[in-house]
Amino acid sequence: MALDCQFLKFFPANLFGSVAALKTYQQVFPSIMFCPTGGLTESTYSQYLELTNVISVGGSWMLSNSISTLVNGPFNQYEMVTRDKSTLLIVFFTIIMYI
């Protein structure tokens, strides 16, 4: 907050309290928006997006298991899931993990 950060990555979300922790942070840090990653799955990410202090979610589950497909494929299919469709965030977690 001293650095005027408005958006923070929350990683690893599953080890640091998941949805319950972000609900608490919403009360403590009302001006901060989070992007939880780490431990989210296709079946749990929507629980995070329901929170008003979560702007987006991310994780390797969103990408193909094949790194060559990711590197050589069409990147538009790897867009990050966001609450607002006009907000487009592209995340290449899998590339970062393998570099």
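Predicted, not measured: the structure shown is a model, and the values here were computed from it.

Rules behind the numbers
- Residues numbered from 1 in each chain as written.
- Predicted model: local features only at pLDDT ≥ 70, side-chain atom pairs only at ≥ 80, totals over all residues.
- Heavy atoms only, no water.
- Helix = DSSP H or I, 4+ residues; strand = E, 2+ residues; numbered from the N terminus.
- Buried < 20%, exposed > 50% of the residue type's maximum accessible area, 1.4 Å probe, protein only.
- Contact = heavy atoms within 4.5 Å.
- Areas by Shrake-Rupley, 256 points an atom, 1.4 Å probe, with all protein chains shown as cover.
- pLDDT = per-residue confidence, 0-100.
- Phe/Tyr/Trp six-rings, centres within 6.5 Å; stacked < 30°, edge-to-face > 60°.
- Pairing = 2+ DSSP bridges.
- Right-handed = clockwise from strand over helix to strand, strands pointing away.

S.K.: Tell me what's going on with the overall build of the chain, and back it up with residues and numbers.
M.R.: Per the secondary structure count, the chain includes four helices and two strands. Listed N to C, the secondary structure of the chain is β-α-β-α-α-α in terms of helices and strands. In the chain, buried positions account for 32% of the 99 residues. Within the chain, contacts between residues at least 6 apart in sequence are counted, and of these 54% link residues at least 24 apart. Here the chain has roughly 6300 Å² of accessible surface; of this, 59% comes from carbon and sulfur atoms.

S.K.: Run through the confidence of the model for the chain, naming residues and quoting values.
M.R.: Confidence along the chain averages 74 in pLDDT terms, with 62% of residues attaining 70 or more. Looking across the chain, the model is least confident in helix α4 (residues 93-98), with a mean pLDDT of 40, and most confident in helix α1 (residues 18-28), with 97. Here residues 85-99 scores under 50 on pLDDT; set against residues more than four positions off or in separate chains, the count is 24 contacts.

S.K.: Give me the lowdown on the packing of aromatic side chains, citing residues and values where you can.
M.R.: For the structure shown, the criterion picks out four aromatic pairs. With a centroid separation of 5.7 Å and an interplanar angle of 90°, the aromatic rings of Phe-10 and Tyr-25 are classed as edge-to-face. A residue pair is termed long-range when its members are at least 10 positions apart, and Phe-10 in strand β1 (residues 7-10) and Tyr-25 in helix α1 qualify at 15 residues. A relative accessible area of 27% means that Tyr-25 is categorised as partly exposed. Pairing Phe-10 with Phe-34 gives two aromatic rings, centres 6.2 Å apart and planes at 75°, and the pair type is edge-to-face. Taken together, the residues span a long stretch of sequence, with Phe-10 in strand β1 and Phe-34 in strand β2 (residues 33-36) at a distance of 24 residues. Each member of the pair, Phe-10 as well as Phe-34, carries the same accessibility label: buried.

S.K.: For the pairing of β1, give the residues involved together with the corresponding values.
M.R.: It is a general feature of regular strands that their side chains alternate between the two faces of the sheet. Alignment of β1 against β2, held across four bridges, turns out to be parallel. Residue pairing for β2: Lys-9 is matched across the bridge by Cys-35. In terms of handedness, the path from β1 via α1 over to β2 forms a crossover that is right-handed.

S.K.: Requested: an account of unusual backbone geometry, with residues and values cited.
M.R.: The omega torsion across Phe-11 and Pro-12 is -10°, close enough to zero to call that bond cis. With phi around 55°, Ser-18 is a residue other than glycine that occupies positive phi space. For Ser-18, the location among the structural elements is in helix α1. Residue classification places Ser-18 among the partly exposed residues on the basis of a relative accessible area of 23%.

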